[in-house]
Amino acid sequence: MALILFLIIMALILIAAAIFAVMQKDLLFAVLATGIISVVLSVFFYVLQAPDVAITEAAIGIALTTIIFIITIRNTSRNEDEYTENHINKFDK
Amino acid sequence: MNEFNELFIKYKDLITLAVYGTAIMLIIIGLYAVLLKKHLVKIVIGLSIIDAGVHLLFVAVGYIQTGTAPIFSPGYENAADKMVDPVPQALVLTAIVIGFAVTALALSLVIRLYKHHHTANIEQIKSLKW
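Here, residues in each chain are numbered from 1, in the same order as that chain's written sequence. To read the labels, note that chains go from A and ligands from 1, taken in the order they are written. With the structure being a predicted model, the display of local features is reserved for residues of pLDDT at least 70 and the display and counting of side-chain atom pairs for 80 or more, all residues being used for whole-chain, interface and lining totals.

(A) Representation of the overall build of chain A within the structure. The secondary structure listing takes helices from DSSP runs of H or I that are at least 4 residues long and strands from runs of E that are at least 2 residues long, numbered from the N terminus. Scanning chain A from N- to C-terminus turns up three helices and zero strands. Along chain A, helices and strands appear, N-terminal first, in the series α-α-α. In chain A, buried positions account for 31% of the 93 residues. Excluding contacts between residues fewer than 6 apart, the proportion of contacts in chain A whose partners are at least 24 apart in sequence is 50%. Exposed residues have 12 or fewer other C-beta atoms within 10 Å of their own C-beta, buried residues have 20 or more, and partly exposed residues fall in between, where C-beta atoms are placed from the backbone. Two residues form a contact once the distance between their C-beta atoms, set from the backbone, is within 7 Å.

Pasting the structure below:
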């Protein structure tokens, strides 16, 4: 019974983090929310008797994916709604 | 509390049901991000959320209620019939690594597009040639 309550709370955290990651305008916080998704997902894998998958998901999902997303945000824009005027058709003329 | 226990016995596979629902919700949220968001990084985030949902769904398919982890440890030498299915777990283990590679490739394409067009909004990227 306690396991089911724990799982339902974890599922709510997972869905809330996913909605936050989709709706957030600041992309850095959105990427951190995907890290939270990976943490909770590895807990799910451990409860579902898959410890090897849990270890792999923790390592790759938390560390590596977050790092490459942050590198991309550093090289592009951080704000989602940023509208740049000065570039339009600069290369098409 | 007794009623709770009866409910628990009645819906014995409530764990599997909750996990299925969570996985399908994750897939729907990721699909929304892929189809309706305009920023390229948001689209890649949606792809990784779909990945997470599919992995959770596959592991939940192989799960049985009274199973242990599929590892032959001391005390579990002849317990192959009491283990969860190891085939979806091996599949998901491979799919996590492939998903990481796909995410890295997509993000490198996003960086190339931003360097060329100076924007990451797909409504402003109009020319088809680089």
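(B) Spatial organisation of the overall build of chain B. The helix and strand tally for chain B stands at four helices and zero strands. Starting at the N terminus and ending at the C terminus, chain B contains elements arranged as α-α-α-α. The buried share of chain B, taken over its 130 residues, is 28%. Across chain B, contacts joining residues at least 24 apart in sequence account for 54% of those joining residues at least 6 apart.

(C) Fine view of the interface of chain B and chain A. Across the boundary between the two partners, chain B contributes 47 residues, which contact 42 residues of chain A. Looking at the side of chain B that touches chain A, the elements that each hand over two or more residues are helix H1 (2–10), helix H2 (14–36), helix H3 (40–61) and helix H4 (86–117) of chain B. Top element by residues in the side of chain B that touches chain A is H4 of chain B. It accounts for 13 residues. Amino acid classes used here: Ala, Val, Leu, Ile, Met, Phe, Trp, Tyr, Cys and Pro are nonpolar; Asp, Glu, Lys and Arg are charged; the rest, including Gly, are polar. Class assignment of the residues belonging to the side of chain B that touches chain A gives a composition of 32 nonpolar, 14 polar and one charged.

(D) Inspection of the packing of helix H3 (residues 51–75) of chain A against H4 of chain B at higher detail. Axes here refer to lines fitted to C-alpha atoms; in helices the fit is confined to the stretch in contact. Angles between the N-to-C directions go from 0 to 180 degrees. Axis separation between H3 of chain A and H4 of chain B bottoms out at 10 Å; the angle between their running directions is 0°. When the axes of H3 of chain A and H4 of chain B are compared, the pair comes out roughly parallel. Facing Asp52, Val53, Thr56, Glu57, Ile60, Leu64, Thr65, Ile68, Phe69, Thr72 and Asn75 of chain A of H3 of chain A, the residues of H4 of chain B in contact are Gln89, Val92, Leu93, Ile96, Val97, Phe100, Thr103, Ala104, Leu107, Val110, Ile111 and Tyr114 of chain B. The residue inventory of the contact of H3 of chain A with H4 of chain B, partitioned by class, reads 15 nonpolar, six polar and two charged. Roughly parallel covers angles under 35 degrees, roughly antiparallel covers those over 145, roughly perpendicular covers 65 to 115, and oblique covers all other angles.

(E) The arrangement of unusual backbone geometry in detail. Positive phi outside glycine occurs at glutamine 49 of chain A, with the angle close to 60°. Counting through the fold element by element, glutamine 49 of chain A comes out in the loop between helix H2 (27–47) and H3. By the C-beta count within 10 Å, which is 22 here, glutamine 49 of chain A ends up buried. Positioned with a positive phi, histidine 118 of chain B is a non-glycine residue whose angle comes to about 60°.

From the geometry alone we can't say anything about function, so treat these as descriptive.
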